[in-house]
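Working through the structure, step by step
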Amino acid sequence: MALVNLRAVTSWVGIARLFAILLACIAFSLVASTGIYGGPYGTWCMFSWCFCFAVTLLIVLLELFELYPKLPLSWDDFTSAFSMLAALMIFTSSVVFPSVFIGSPCSSSICMRQAAATAISCLCFLAYALEVGLTRAKPGDISSFLSTVPGLLKVFEAYVACLIFSLLDTYDSVPGLQWCVAVYAVCFVITLLIIIFTIGRCLSYIPCPLEKVLVAYNALAMLMYLTAVIIWPFYSFSNRSRPSSCGANCSWNKHLGVTFLTIFNFLAYLVDLVYSTKMVFIRTRS
């Protein structure tokens, strides 16, 4: 007989998840009703809403019927990482969708539904952000690494790197830009492996002081991103002004987007280093 855990839908975290499920469903239903979501940006937004809806519903069902202990993974780490990822994906969709598909003036019924979908998507982001806040580990609690600030930053860093990859176009002929792409790729792979190993409970098998290794990696990644923060805009915009006709797929705009995302990830690794150092060395002394 299957056990039913009502706290999965009556706790604050459960309520936040139910709201996220409902809002994501409304968002992609409104957009689907317009039939206008083609192209890479529309496809990404629809995928984000549908993916977050499906996975959150699965999480609620697994917790409701208490089936998650049978899974070979760290459930708290998985749910913390997913809620952070979902918040980032829904936030991106809430910004990208109206900027691409909603024009001015907005008076038609289709535009009204698109505007409503955007507003619902923003509320969905708030629901996931609330879940992140509710499940975030309290200071001093490191039982679930991905629910701590450094763990959540790992998800942020990997996601921002994916956004950077989506904007890369012309860099093959410039060694400086090739170095930056190597920085993005190396840091992304290592960060993703940390997330996967944490969820898969594999970090305990590494024969070294893991916390100090993570501090060293954060320091190295921060320094590598610091070089990219300097090199990428230098080689991208040196003696290059913005073209007069520069649309969404303009190379200059994409390079500008990569510049800002590089700065965001540099700051993320810097904060990650500060928090990781604080958690390891200050906690060790105490």
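Residues numbered from 1 in each chain as written. Predicted model: local features only at pLDDT ≥ 70, side-chain atom pairs only at ≥ 80, totals over all residues. Heavy atoms only, no water.

Put simply, the rule is: UniProt positions are given in the numbering used here, feature names are shortened, and annotations may be inferred rather than shown by experiment.
The chain carries the name MARVEL domain-containing protein in an unreviewed UniProt entry, which gives Cairina moschata as its organism. Word for word, the UniProt comment on the chain under Sequence similarities (unreviewed entry) is "Belongs to the MAL family." Taken verbatim from the UniProt record of the chain, the Subcellular location (unreviewed entry) comment is "Membrane".

**A look at the UniProt feature "transmembrane region" (unreviewed entry) in the chain**
What counts, and what does not: Starting at the N terminus, helices and strands are each numbered in turn, a helix being any DSSP run of H or I of at least four residues and a strand any DSSP run of E of at least two.
Under the local residue numbering, the UniProt record ascribes the feature "transmembrane region" (unreviewed entry) to residues 12–32, 44–62, 82–103, 115–134, 176–203, 215–235 and 255–275. A helix fraction of 100% and a strand fraction of 0% characterise residues 115–134, whose end C-alpha atoms lie 29 Å from each other. Taken end to end, residues 255–275 has its terminal C-alpha atoms 30 Å apart, with 100% of it in helix and 0% in strand.

**Some words on helix H7 (residues 175–199)**
Stated precisely, the cut-off is as follows: For a helix, the expected span equals 1.5 Å multiplied by the residue count minus one.
Under the 1.5 Å per step criterion, the end-to-end length of H7 is 36 Å for 25 residues, consistent within 8% with the ideal 36 Å. Looking one or two residues past H7, arginine 201 carries a phi angle of roughly 60°, positive in sign.

**Some details on the nonpolar core**
Filter applied, for reference: Nine residue types can take part in a nonpolar core, namely buried Ala, Val, Leu, Ile, Met, Phe, Trp, Tyr and Cys, and a core is a set of them joined through side-chain atoms within 4.5 Å. Throughout, exposure labels follow a simple rule: accessible area from a 1.4 Å probe, protein chains only, divided by the maximum for the residue type, with under 20% read as buried, over 50% as exposed, and the rest as partly exposed.
In terms of nonpolar packing, the biggest core is built from 70 residues, with Trp49, Tyr128, Ile164, Tyr184, Cys187, Tyr225 and Trp232 touching the most fellow members. Residue assignment for this core shows that the elements contributing at least two residues are helix H2 (12–34), helix H3 (39–64), helix H4 (75–101), helix H5 (109–135), helix H6 (149–167), H7, helix H8 (210–237) and helix H9 (251–285). Top contributing element to this core by residue count: H4, with twelve residues.

**A look at the pattern of salt bridges**
Rules: For this document, the term salt bridge refers to a Lys or Arg side-chain nitrogen within 4 Å of an Asp or Glu carboxyl oxygen.
Under the criterion given, the structure shown has three salt bridges. Residue arginine 17 is joined to glutamate 131 by a salt bridge in which the shortest nitrogen-to-oxygen separation is 2.9 Å. In this pair, arginine 17 is assigned in helix H2 and glutamate 131 in helix H5, connecting sequence segments 114 residues apart. Of the residues examined, glutamate 131 reaches a relative accessible area of 2% and is grouped as buried. Residue aspartate 272 is joined to lysine 154 by a salt bridge in which the shortest nitrogen-to-oxygen separation is 2.4 Å. Pair noted here: aspartate 272 is in helix H9 and lysine 154 is in helix H6, with a separation of 118 residues, a long-range link. Lysine 154 carries the same exposure label as aspartate 272, and that label is buried. One network of salt bridges, in which partners are shared, links Arg17, Glu63 and Glu131.

**Examining the packing of aromatic side chains**
As a reminder of what qualifies: Here is the rule: rings of Phe, Tyr and Trp (six-membered ring for Trp) pair when centre to centre is within 6.5 Å. Planes less than 30 degrees apart are stacked, more than 60 are edge-to-face, and the remainder are tilted.
Applying the stated criterion across every chain, the model contains 17 aromatic pairs. Aromatic pair tryptophan 44 and phenylalanine 47: ring centres 6.0 Å apart, planes at 40°, arrangement tilted. Separated by three residues within a single helix, tryptophan 44 and phenylalanine 47 lie in helix H3, roughly one turn from each other. A relative accessible area of 27% places tryptophan 44 in the partly exposed class. Classification of phenylalanine 47 as partly exposed rests on a relative accessible area of 43%. Ring geometry for phenylalanine 91 against phenylalanine 125: centres 5.3 Å apart, planes inclined by 50°, an arrangement best described as tilted. One end of the pair, phenylalanine 91, is in helix H4; the other, phenylalanine 125, is in helix H5, with 34 residues separating them in the sequence. Each residue in the set Trp44, Phe47, Phe51, Phe82 and Tyr128 is aromatic and connected to the rest through ring pairs, giving one cluster.

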